[in-house]
Amino acid sequence: MGMSVTISAATGQDAEQIFRLQYLCFQSEAALYGNYRIDPLVQTLDSVREEVATDCVFVARLGDEVVGSVRGRITEDGSAAIGKLCVHPRLQGHGIGARLLRAAESALAEERGATSFRLHTGRRSEGNLRLYRRVGYHTVGTAQGDDGVEMIVLEKPAGAYAATA
């Protein structure tokens, strides 16, 4: 009998596992763009620890192992910036990413007053774009990442977070 994946708020003790998972998961994105200097791959462990302490961070666990993660924070305009969604490659395609998004959106709206949600992904990241559109995000523009990757910016209103089941 297998274990179930659970979603919960991250704690400081999760930072190192999140850091390692992020490094593993974003290798495929880096390969897609031929750029191994993308933010998730150059972020420091101390920076991840700081985000876990201050931002809205959720993890997916399989037993004691962190197998997924997402972060969100409220921006100056009252929207929530959601980022660094990742799920272990062996568990992708089972709805864990959508569950993580739903948990983050719920907390950001109900506990931190987010009025809308905004996220971005590389323009070639078709799997990511499919997920985000499936859970209600709509393209609102493009942006150039600090790492030179062309990004698609997506948003949805905070009242729509329940649709990410």
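The structure under discussion appears in the preceding block.
Residues numbered from 1 in each chain as written. Predicted model: local features only at pLDDT ≥ 70, side-chain atom pairs only at ≥ 80, totals over all residues. Heavy atoms only, no water.

A. Up close: unusual backbone geometry. Positive phi outside glycine occurs at Lys84, with the angle close to 55°. With respect to the helices and strands, the residue Lys84 is situated in strand S4 (residues 80-87). (Helix = DSSP H or I, 4+ residues; strand = E, 2+ residues; numbered from the N terminus.)

B. Spotlight on the sheet that holds strand S3 (residues 65-74). Taken together, seven strands build an open sheet; the order of strands is S1-S2-S3-S4-S5-S7-S6 and the sheet is mixed. Only two strands of the sheet have a single partner each, and these edge strands are strand S1 (5-9) and strand S6 (138-144). Direction aside, neighbouring strands of the sheet carry axes that sit 25° apart on average. Relative to strand S7 (residues 150-157), S6 is paired through six bridges, and the arrangement is antiparallel. From the neighbouring strand, His138 faces S7, where its bridge partner is Glu155. Lying over the sheet, helix H1 (residues 15-25) contacts strand S2 (56-62), S3 and S4, oriented at roughly 95° with respect to S3. Its contacts with the sheet place helix H5 (residues 96-110) against S1, S2, S3, S4, strand S5 (116-122) and S7, and it is angled at close to 155° to S4. (Pairing = 2+ DSSP bridges. Axes fitted to C-alpha atoms, helices over the stretch in contact; angles between N-to-C directions. Contact = heavy atoms within 4.5 Å.)

C. A look at the pairing of S2. The element S2 is largely enclosed, with a buried count of seven among its seven residues. A two-sided burial pattern is seen for S2, the buried positions comprising Cys56, Phe58, Ala60 and Leu62 on one face and Val57, Val59 and Arg61 on the other. Two elements, S2 and S3, share seven bridges in a ladder whose sense is antiparallel. Bridged to Leu62 within S3 is Glu65. What sits between S2 and S3 in their antiparallel hairpin is a turn of two residues, with Gly63 showing a positive phi close to 65°. (Buried < 20%, exposed > 50% of the residue type's maximum accessible area, 1.4 Å probe, protein only.)

D. Geometry of the packing of H1 against helix H4 (residues 45-54). Viewed as axis vectors pointing N to C, H1 and H4 meet at an angle of 120°, and their least axial separation amounts to 9 Å. Classified by the interaxial angle, the pair formed by H1 and H4 is oblique. Of the two possible hands of crossing, H1 and H4 adopt the one that is right-handed. Facing Ala15, Glu16, Ile18 and Phe19 of H1, the residues of H4 in contact are Leu45, Val48, Arg49 and Val52. (Parallel < 35°, antiparallel > 145°, perpendicular 65-115°, else oblique. Left-handed = near helix turned anticlockwise from the far one by under 90°.)

E. Representation of the environment of Gly83 within the structure. Among the secondary structure elements, Gly83 is positioned in strand S4. Its relative accessible area of 24% is what places Gly83 among the partly exposed residues. Separated by 18 residues in the primary sequence, Gly83 and Leu101 place their C-alpha atoms 9.6 Å from one another. Among all residues touching Gly83, those that are not within four sequence positions of it are Val70 and Arg71.

F. Looking closely at the environment of His138. The residue His138 is located in strand S6 in this model. Taking the relative accessible area as the measure of exposure, His138 reaches 53% and is therefore exposed. Considered as a pair, His138 and Ile152 are 14 residues apart in the sequence and their alpha carbons are 9.9 Å apart. Setting aside residues up to four positions removed in sequence, His138 forms contacts with Val153, Leu154 and Glu155.

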